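# Report on the structure
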Amino acid sequence: EAQVTQNPRYLITVTGKKLTVTCSQNMNHEYMSWYRQDPGLGLRQIYYSMNVEVTDKGDVPEGYKVSRKEKRNFPLILESPSPNQTSLYFCASSTRRGEQYFGPGTRLTVT
Amino acid sequence: GEDVEQSLFLSVREGDSSVINCTYTDSSSTYLYWYKQEPGAGLQLLTYIFSNMDMKQDQRLTVLLNKKDKHLSLRIADTQTGDSAIYFCAESISNFGNEKLTFGTGTRLTIIP
């Protein structure tokens, strides 16, 4: 089954404690992205990747890092999480035609 | 820069047509998309339209694009309770149409029995 998986689905952590949210896709897509969803703001892109070892900033990259060492994986790293990073995070992968397939989301709470 | 706007709420009676509207600002958009998000779930791509098209129909869904006014709409015919969700429009301005999407704030569609 074609899908995008994210782990964990829910995470509660404390300020400053490094965390990684994993994302994996099995559709052999070149393009992958991370978004955060906040009430009243819709989805905002954090980072995207056009291929292995090729990443670029989206609209809200501050406080986040990504890596793309393999085509199928695109982890999101928060080196020192802060409460304003409490949000719902979505990973997506896409075809060349721009059809983005989203993961189920990771709800992160930073206290 | 890009900006995509939608109204936040829409209520429609079951069986009627729903029309969800969206305006965007970037005239160089190449693809425009409609996504559906059900409670607790990720976003599901419903349909998309290339910027040189005016209309696209897919079963109960009709997408209309007015490029001059930068206006996009999604019409859902014979709205059912299963259509209750948040609907996002999104635009892409890259040549490949998939590196970056700019989303609207979403329209919450409520179906009245």
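Everything here concerns the structure above.
The text that follows walks through the structure, step by step, so that each part is easy to find. Everything numeric in this text was worked out from a predicted model, so none of it was measured.

### A few points about the interface of chain A and chain B
Listed per partner, the contact involves 24 residues of chain A and 20 residues of chain B. Of the roughly 1,800 Å² buried between chain A and chain B, counting both surfaces, carbon and sulfur atoms make up 52%. Put simply, chain A and chain B have two residue pairs in polar contact (both at pLDDT 80 or more) between them. At the level of elements, strand E4 (31–38), strand E5 (42–51), strand E9 (87–94) and strand E10 (100–102) of chain A are the ones that each hand at least two residues to the side of chain A that touches chain B. By residue class, the composition of the side of chain A that touches chain B is nine nonpolar, 10 polar and five charged.

### Notes on the packing of aromatic side chains
Ring pairs (aromatic) are described by centroid distance and by the angle formed between their planes. Taken as a whole and assessed by the stated rule, the structure comprises 13 aromatic pairs over all chains. Between A:Phe102 and B:Tyr35 the ring centres are 5.4 Å apart and the planes differ by 85°, which places this aromatic pair in the edge-to-face class. Of this pair, A:Phe102 sits in strand E10 while B:Tyr35 sits in strand E4 (residues 31–37), each in a different chain. Comparing A:Phe102 with B:Tyr35, the two get one shared label, buried. Ring centres of B:Tyr31 and B:Phe50 lie 5.0 Å apart, and the angle between their planes is 50°; on these two criteria the pair is classed as tilted.

Analysis parameters
- Here the residue index of a chain counts from 1 through its sequence in written order.
- The order in which chains are written sets their letters, starting at A; the order in which ligands are written sets their numbers, starting at 1.
- Given that the model is predicted, a residue must reach a pLDDT of at least 70 before its local features are reported, and side-chain atom pairs must reach 80 or more before they are shown or counted; all residues, however, enter totals for whole chains, interfaces and linings.
- Only hydrogens and water are set aside; all other atoms, that is, all heavy atoms of the structure, feed into the side-chain values.
- Here, two residues are considered to be in contact whenever any of their heavy atoms come within 4.5 Å of each other.
- Summed over both partners, the accessible area lost on bringing two parts together, with a 1.4 Å probe, is the buried area.
- Any pair of nitrogen or oxygen atoms within 3.5 Å is treated as a polar contact; in protein, a donor-acceptor pairing is required on top of that, and neighbouring residues in sequence qualify only through side-chain atoms on both sides.
- Under the DSSP-based scheme used, a helix requires at least four consecutive residues in state H or I and a strand at least two consecutive residues in state E, with every element numbered from the N terminus.
- Polar here means any residue other than Ala, Val, Leu, Ile, Met, Phe, Trp, Tyr, Cys and Pro, which are nonpolar, and Asp, Glu, Lys and Arg, which are charged; Gly is therefore polar.
- Each aromatic pair joins two rings of Phe, Tyr and Trp (for Trp, the six-membered one) with centres within 6.5 Å, and gets the label stacked for planes under 30 degrees apart, edge-to-face for over 60, and tilted for any other angle.
- Three exposure classes are used, based on accessible area relative to the maximum for each residue type with a 1.4 Å probe and protein chains only: buried under 20%, partly exposed in between, and exposed over 50%.

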